[in-house]
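# Observations on the three-dimensional arrangement
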Amino acid sequence: MDTRDAAKYDFGRGKMNEKAIHDRLVEHGQTLFRAPKQLIQFTRLDDANALLNDLSTHPHAFVLACVMDRQIKAEKAWLIPYRIAEKLGGFSLDSLLRLSPADVNRLMSQPEPLHRFVDMMSGLFHSAVQRISKQYGGDASRIWAGNPSSAEVVYRFLEFDGVGPKIGSMAVNILARDFKIQFADFFSIDISADRHIRRVFARLGLCAPNATVEQVIYKAKALHPEFPGMMDLPCWEIGRNWCKAREPKCGACYMKDLCPSANGKK
Ligand code: SF4
């Protein structure tokens, strides 16, 4: 086999392995997607989880937690609505609407800061409450009501100050996969390329080790265009449970027979 034939052979073999990796990640993603609805463990506090899972009467708690999910650990960000509810004695949208920007800042900064960037995040919190009131008549569940397209709902999240594509896709993915909200399609639910997902994509050989966030997002689109975000939770779980930054536990990882970086392989 000459050099060019060998390169073609390697490319073909690489593509076959990539397809096998895609198939297994999607299979696991579908299992998670089809699982019965259960309480989502956003935090380790039962009362906070109850508030965040209550899309019937407090859908704004979920939306506001998404808005807060920036530049700190997710679990801390998702506790913010509950910590404010504790201080206010409830979390009705009416009670939130009565708060001035200075009130929200005080609630988020005293006695201890609820976020690393209280000044900026309290402004985003206040702005989101106003938007839910003005744009959605005080009912945040209208953001995803009526079987909308995934693009429409990601766009509605992007309209909130401070929300970018990563959080927009994450929010709609959680609504579809975990809350079982109906959408007309899943094309615009992208992978949310956090550090776990970028590391797993690189080690699985789907992207280069130094791939940008955009490269990871577009690789996921290329692999599974009808629902790129289907691979999000499987990759995140692999990264969190086995594919640690240091000393990956390949022996326990269900990708080990396909993974080019698994221990013992070149
Ligand atoms: S087999 Fe090892 S290197 Fe590959 S994804 Fe799993 S833990 Fe990571």
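Residues numbered from 1 in each chain as written. Predicted model: local features only at pLDDT ≥ 70, side-chain atom pairs only at ≥ 80, totals over all residues. Heavy atoms only, no water.

The next point concerns unusual backbone geometry. Phi is mostly negative for residues that are not glycine, and the peptide bonds are mostly trans. In this model, Gln-110 is joined to Pro-111 through a cis peptide bond whose omega is -5°. If you trace the backbone, Pro-111 turns up in the loop between helix 6 (101-109) and helix 7 (118-136). Phi at Gln-71 takes a positive value of approximately 60°, unusual for a residue other than glycine. Mapped onto the fold, Gln-71 is located in the loop between helix 3 (59-68) and helix 4 (74-88). Of note in this structure, Glu-247 is not a glycine but carries a positive phi near 50°. Locating Glu-247 in the fold gives a position in the segment after helix 12 (232-241). Classification of Glu-247 as exposed rests on a relative accessible area of 70%. (Helix = DSSP H or I, 4+ residues; strand = E, 2+ residues; numbered from the N terminus. Buried < 20%, exposed > 50% of the residue type's maximum accessible area, 1.4 Å probe, protein only.)

Domain boundaries in the chain define domain 1 (16-36 + 188-252) and domain 2 (46-143). Once you take the C-alpha centre of each, domain 1 and domain 2 turn out to be 30 Å apart. (Domains from an automatic or database assignment.)

It is worth spelling out the packing of aromatic side chains at this point. By the definition in use, this model includes 11 aromatic pairs. Three or more aromatic residues joined by ring pairs form one cluster here, namely Phe-42, Phe-62, Trp-78, Trp-144 and Phe-179. Its guanidinium or amino end placed over the ring of Phe-33, Lys-180 lies 5.9 Å from that ring's centre, counting from NZ or CZ. A cation over an aromatic ring shows up here: Lys-221 above the ring of Tyr-218, its NZ or CZ 5.2 Å from the ring centre. (Phe/Tyr/Trp six-rings, centres within 6.5 Å; stacked < 30°, edge-to-face > 60°. Lys NZ or Arg CZ within 6 Å of the ring centre and 35° of its normal.)

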